[in-house]
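Given next are the chains, with one letter for each unit.
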2 protein chains.
Amino acid sequence: MGLDQGIDVEQSVGIVKTEYAHFETELKLESGRLLSPFTLAYETYGRLNNERSNVILVAHAWTGDAHAAGWHTPDDRKPGWWDNMIGPGCLLDTERYFVICSNVIGSCKGSTGPASINPRSGQPYNLTFPVVMVRDMVRAQARLLDRLGINQLLTVIGGSMGAMQALEWGIIYPDRVRSIIPIAGTGKTSPMAIALNALARTAVFNDPLWKKGNYRPEHPPADGFALARAVGHISFLSDASMQLKFERRFSARDGLFDFFGKFEVERYLEYNGRSFVDRFDTNSFLYLAKALDLYDVAWDFDSSDEALTRIECPSLWFAFTSDWLYPPNQTEEVVADLKRLNKPVTYHLIESDYGHDSFLVEPEKFTPKVAAFLDRL
Amino acid sequence: MGLDQGIDVEQSVGIVKTEYAHFETELKLESGRLLSPFTLAYETYGRLNNERSNVILVAHAWTGDAHAAGWHTPDDRKPGWWDNMIGPGCLLDTERYFVICSNVIGSCKGSTGPASINPRSGQPYNLTFPVVMVRDMVRAQARLLDRLGINQLLTVIGGSMGAMQALEWGIIYPDRVRSIIPIAGTGKTSPMAIALNALARTAVFNDPLWKKGNYRPEHPPADGFALARAVGHISFLSDASMQLKFERRFSARDGLFDFFGKFEVERYLEYNGRSFVDRFDTNSFLYLAKALDLYDVAWDFDSSDEALTRIECPSLWFAFTSDWLYPPNQTEEVVADLKRLNKPVTYHLIESDYGHDSFLVEPEKFTPKVAAFLDRL
């Protein structure tokens, strides 16, 4: 469905274009390694006001990109990934706010990552790309804001890995954010989440086409990568959402007693895994999984408290009842710590059956609370 | 630790031997296919009384076997898989009860399964083995009881796939069971559980050594199978149990910023997956996964009610709070149905952090309730 057949053109930012900011200066990474040059892909929606005080940064999740809203061409099948959130009259009202979404470093959607050419070798980085942390992603975003002449953000909002970025913004750049809104986040990735990512990694490593990361882009390790994606996919869903969507329906094409017969849920995972192979770079997926695994708010501080105490702005948190990847108790732990440290913090547990993906599937359940929060700033 | 160093020899059944019952008559499977001949591996503990009225059938889970208690040799490193439950003075007191545990058909632990030789071809069945259902496993067990001259069971007790067998016993042979005790079970496998099994399947199918099931036993698809096992392993654990066991500890041998650096939880899953490859047949694993996926109490009945209404005996059910593979609400659904049908049913939700594996890890949390139930029979 292209823009011209869209139902809500009034609330759309319309046709947008991804911009690219190139940086020749070095980005010093948490690992101690230096990344230079580097590029950040980003999009902006709305207009920067004269005071430069109406800027909202949208931080994307694992496999997201800079294209958060609008359409690249009138024939696009889909708008940006958070299109229902961003536009004239939307929650992130582009009549009022200047919204920026930047693709993180380490990704493959226009920013520098393992699939980028290493200028020193003329070859793709592949596994010579440095391991990056969420904090590195945020430092790179700060460079982009410098470039755009923006000193302070009204808020940083994001779900999942986007929530981690929002939290890091509050910790690393307390003077540059007036608020943060982490959704479906965690203060540190749990062993369960790490274990799931380990399955995904192994699925890729087992694929002979992976060649230790030196696959040709046109011959990716499709079998392993599709399986890796399916692991992730399951962790974003929930028992209830899968029940709603698939029940125990068996593929009409297969016999129940065929060894290779499939339930509908299997077909769905397989189809989605396969189509994902064409949309994302395998090494990037692995590097971002690593960044997720390494996420711990206490990193490079003496304690989690030492990190959290740096936050100066109000924070607004959301968790979803059926999220078993970053379950509510993980968000609640950070919220409790912030309260104990006398930080202004608001938390809402949202009833939803859509698991970790709830922040994408049922935004209407939390957007009114975000709107009220932004209005009070 | 062998028997002679054991701490509780008093409560052990001691040295035991696996027996094998061979059947030349055909077993008509739910698929319509016939299996013959077939063998069931089984062990017994305690003595059959003169009235033949003290028999308890223990039903094992996915990768279990007939060796539920005792030691095969004094040098064994481990006793049977439910050794703490079975023995003189134990819950399943071998001074009182005659306990039978039989390896299910489709498995590779002595009963006929895909790794068995098909007498018609002289070759292993591999994928020519028929797809079996839990009901088929139970029908085969009934043959074993016939052979042993046992008409009625005091109870059938089992966790996970064992719970499914217990339930099927109540439905298919209502006159042969005086009670059933399904633990951590479900009335029908959920799409989430099927999806997890689909990951495991795909992990094997992706392994070039699998060869559509025609691998040589000495060259199994080890990479894919170890990954498949890791998928299962994660689903048996819980967020809390992994937190207790691993936290976010990083392998002391790796650098945090090594691309291939591992968290302890990853090493553990990898080690266990690898060692499992030597202990289980890949095709068997897949066939039993299929049996789990196909499990639906309503199978071949007009409805779940029609199936459940056949049960005549009291049933005792347990679910565990942290079990996300067959979560408590799935057990509660069956229990509610049984109550509505005026069946004598008792249900206990057990607080445990050990996920689906709780029935193996913390039996002391439910055994007193089982003992009281058995005493009342």
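**Description of the pairing of strand 13 (residues 315-320) of chain B**
Residues and elements named next belong to chain B.
Item 1. Most of strand 13 sits out of view: six of its six residues are buried.
Item 2. Neither face of strand 13 is exposed, since S315, W317 and A319 on one face and L316, F318 and F320 on the opposite face are all buried.
Item 3. In this sheet, strand 13 lies alongside strand 12 (residues 180-183) in parallel orientation, the contact comprising two bridges. Across the sheet, the residue bridging to I183 is F318, located in strand 13.
Item 4. Sheet analysis places strand 13 next to strand 14 (residues 345-350), joined by six bridges and oriented parallel. Its bridge partner being in strand 14, A319 is matched across the sheet by L349.
Item 5. Note that the unit made of strand 13, helix 9 (residues 328-340) and strand 14 has a crossover that is right-handed.

**Points about unusual backbone geometry**
Item 1. The omega angle of the peptide bond from S36 of chain A to P37 of chain A is -15°, so this bond is cis rather than trans.
Item 2. Along the chain, P37 of chain A turns up in the loop between strand 3 (34-35) and strand 4 (38-45).
Item 3. A positive phi angle, close to 50°, is found at K212 of chain B, a residue other than glycine.
Item 4. Among the structural elements, K212 of chain B can be located in the loop between helix 3 (191-205) and helix 4 (222-236).
Item 5. Classification of K212 of chain B as exposed rests on a relative accessible area of 58%.

**Re the interface of chain A and chain B**
How big an interface is tends to be stated in terms of the accessible area lost upon association of its parts.
Item 1. With 58 residues of chain A at the interface, the matching set in chain B holds 58 residues.
Item 2. Carbon and sulfur atoms supply 73% of the area buried between chain A and chain B, which totals about 4,800 Å² over both sides.
Item 3. The interface formed by chain A and chain B contains four salt bridges.
Item 4. Of the charged contacts, one joins E266 of chain A and R201 of chain B as a salt bridge, the two residues approaching to 3.2 Å between their closest N and O atoms.
Item 5. Here chain A is connected to chain B by 17 residue pairs in polar contact (both at pLDDT 80 or more).
Item 6. Elements with a contribution of two residues or more to the side of chain A that touches chain B: helix 3 (191-205), helix 4 (222-236), helix 5 (239-246), helix 6 (264-277) and helix 7 (282-293) of chain A.
Item 7. Of the residues forming the side of chain A that touches chain B, the biggest block, eleven residues, is contributed by helix 3 of chain A.

**As for helix 1 (residues 134-148) of chain A**
All names here are of chain A.
Item 1. The terminal C-alpha atoms of helix 1, which comprises 15 residues, lie 21 Å apart, in line with the 21 Å expected from a rise of 1.5 Å per residue.
Item 2. For helix 1, every residue scored as buried is listed here: V134, R135, D136, M137, V138, A140, Q141, A142, L144 and L145.
Item 3. Where helix 1 terminates, the next one or two residues include G149, which has phi positive at roughly 70°.

**Some remarks on the state of the cysteines**
All names here are of chain A.
Item 1. The final tally for this structure, using the stated rule, is zero disulfides over all chains.
Item 2. C101 carries a free sulfur, and the closest cysteine sulfur to it, the one in C108, is 14 Å from it.
Item 3. This cysteine, C313, is not joined by any disulfide, and C101 carries the nearest cysteine sulfur, 19 Å off.
Item 4. Judged by relative accessible area, which is 5%, C313 ranks as buried.

**Regarding the packing of aromatic side chains**
Aromatic ring pairs are reported here in terms of the distance separating the ring centres and the angle at which the planes meet.
Residue and element names in this part refer to chain A.
Item 1. Using the criterion set out here, one finds 49 aromatic pairs over all chains in the structure.
Item 2. Between the aromatic rings of F320 and F366, the centroid separation amounts to 5.9 Å while the plane-to-plane angle is 70°, which identifies the pairing as edge-to-face. Here F320, found in strand 13 (residues 315-320), pairs with F366, found in the loop between helix 10 (358-361) and helix 11 (367-376); they are 46 residues apart in sequence, far enough to count as distant.
Item 3. Overall, F320 belongs to the buried group, its relative accessible area being 0%.

**Some points on the relation of the copies chain A and chain B**
Item 1. Turning chain A through 180° and shifting it by 0.0 Å along the axis lays it on chain B, with an RMSD of 0.0 Å. Each copy turns onto its partner about a two-fold axis. It is A203 of chain A whose C-alpha, among those of chain A, lies nearest the rotation axis, at 3.4 Å.
Item 2. Of the interface residues in chain A, 100% have counterparts in chain B that sit at the interface too, so the contact is made through matching surfaces.

**With respect to helix 4 of chain B**
Item 1. Taking 1.5 Å per residue, 15 residues should reach 21 Å; helix 4 of chain B reaches 21 Å between its end C-alpha atoms and fits that length.
Item 2. With respect to burial, helix 4 of chain B is a largely interior element, 13 of its 15 residues being buried.

**Some points on the sheet that holds strand 1 (residues 19-23) of chain B**
All names here are of chain B.
Item 1. Taking strand neighbours across the sheet as the criterion, the eight strands line up as 1-4-8-5-11-12-13-14 in an open arrangement whose pairing is mixed. Edge positions in the open sheet fall to strand 1 and strand 14, since each of these has one partner strand only. In this sheet, neighbouring strand axes are inclined to one another by 20° on average, regardless of whether the strands run parallel or antiparallel.
Item 2. On the sheet, helix 1 (residues 134-148) packs against strand 1, strand 4 (38-45), strand 5 (55-59) and strand 8 (98-102) and is oriented at approximately 60° with respect to strand 4.

**Focus on the pairing of strand 8 (residues 98-102) of chain A**
Residue and element names in this part refer to chain A.
Item 1. The buried fraction of strand 8 amounts to five of the five residues, a majority that puts the element mostly inside the structure.
Item 2. Side chains F98, I100 and S102 of strand 8 all project onto a buried face; the interleaved residues V99 and C101 project onto the opposite face, where all are buried too.
Item 3. Note: strand 4 against strand 8, four bridges, orientation antiparallel. The residue bridging E43 from the neighbouring strand is C101, located in strand 8.
Item 4. Pairing of strand 5 (residues 55-59) with strand 8, which is carried by four bridges, proceeds in the parallel orientation. Counted as the bridge partner of V55 is F98 from strand 8.

**Quick look at the confidence of the model for chain A**
Item 1. Looking at chain A, pLDDT values average 96 and 98% of them are 70 or higher.
Item 2. Below a pLDDT of 50 lies the segment residues 1-7 of chain A, which in the model reaches 15 contacts outside its immediate sequence neighbourhood of four places, other chains included.

**As for the packing of helix 3 of chain B against helix 4 of chain B**
Residues and elements named next belong to chain B.
Item 1. At a minimum axis separation of 7 Å, helix 3 and helix 4 run at an interaxial angle of 165°. Here helix 3 lies roughly antiparallel to helix 4, going by the angle between them. In the crossing of helix 3 with helix 4, the sense of the turn from one axis to the other is right-handed. Here L196, L199, A200, A203 and V204 of helix 3 come into contact with helix 4, specifically with G224, F225, L227, A228, V231 and S235.
Item 2. The residue inventory of the contact of helix 3 with helix 4, partitioned by class, reads nine nonpolar, two polar and no charged.

**Thoughts on the nonpolar core**
Item 1. Counting residues in hydrophobic clusters, the biggest one holds 188 residues, and the most contacted among them are I105 and W169 of chain A together with I105 and W169 of chain B.
Item 2. In this structure, W169 of chain B is in contact with L57, V138, Q141, A142, L145, L153, V156, P174, R176 and V177 of chain B, ignoring residues within four places of it in sequence.

**Side note on the pattern of salt bridges**
Item 1. Under the counting rule described, the total for this entry stands at 30 salt bridges over all chains.
Item 2. Two residues, R340 of chain A and D305 of chain A, come together in a salt bridge whose shortest N-O distance is 2.9 Å. Separated by 35 residues along the polypeptide, R340 of chain A in helix 9 (residues 328-340) and D305 of chain A in helix 8 (residues 304-308) bring together distant segments of the chain.
Item 3. Assessed through its relative accessible area of 48%, R340 of chain A is described here as partly exposed.
Item 4. According to the relative accessible area criterion, D305 of chain A is partly exposed, its value standing at 25%.
Item 5. Its salt-bridge partner being R96 of chain B, residue D375 of chain B comes within 3.1 Å of it at the nearest N-O pair. Of this pair, D375 of chain B sits in helix 11 (residues 367-376) while R96 of chain B sits in the loop between strand 7 (92-93) and strand 8, and the two are 279 residues apart along the sequence.

Rules of the game
- Residues numbered from 1 in each chain as written.
- Chains lettered and ligands numbered in written order.
- Predicted model: local features only at pLDDT ≥ 70, side-chain atom pairs only at ≥ 80, totals over all residues.
- Heavy atoms only, no water.
- Buried < 20%, exposed > 50% of the residue type's maximum accessible area, 1.4 Å probe, protein only.
- Helix = DSSP H or I, 4+ residues; strand = E, 2+ residues; numbered from the N terminus.
- Pairing = 2+ DSSP bridges.
- Right-handed = clockwise from strand over helix to strand, strands pointing away.
- Contact = heavy atoms within 4.5 Å.
- Buried area = accessible area lost by both parts, 1.4 Å probe.
- Salt bridge = Lys/Arg side-chain N within 4 Å of Asp/Glu carboxyl O.
- Polar contact = N/O pair within 3.5 Å; in protein donor to acceptor, adjacent residues only side chain to side chain.
- Expected span 1.5 Å × (residues − 1).
- Disulfide = S-S within 2.5 Å.
- Phe/Tyr/Trp six-rings, centres within 6.5 Å; stacked < 30°, edge-to-face > 60°.
- Least-squares fit on C-alpha atoms with pLDDT ≥ 70 in both.
- Axes fitted to C-alpha atoms, helices over the stretch in contact; angles between N-to-C directions.
- pLDDT = per-residue confidence, 0-100.
- Parallel < 35°, antiparallel > 145°, perpendicular 65-115°, else oblique.
- Left-handed = near helix turned anticlockwise from the far one by under 90°.
- Nonpolar A, V, L, I, M, F, W, Y, C, P; charged D, E, K, R; others polar.
- Core = buried A, V, L, I, M, F, W, Y, C linked by side-chain atoms within 4.5 Å.

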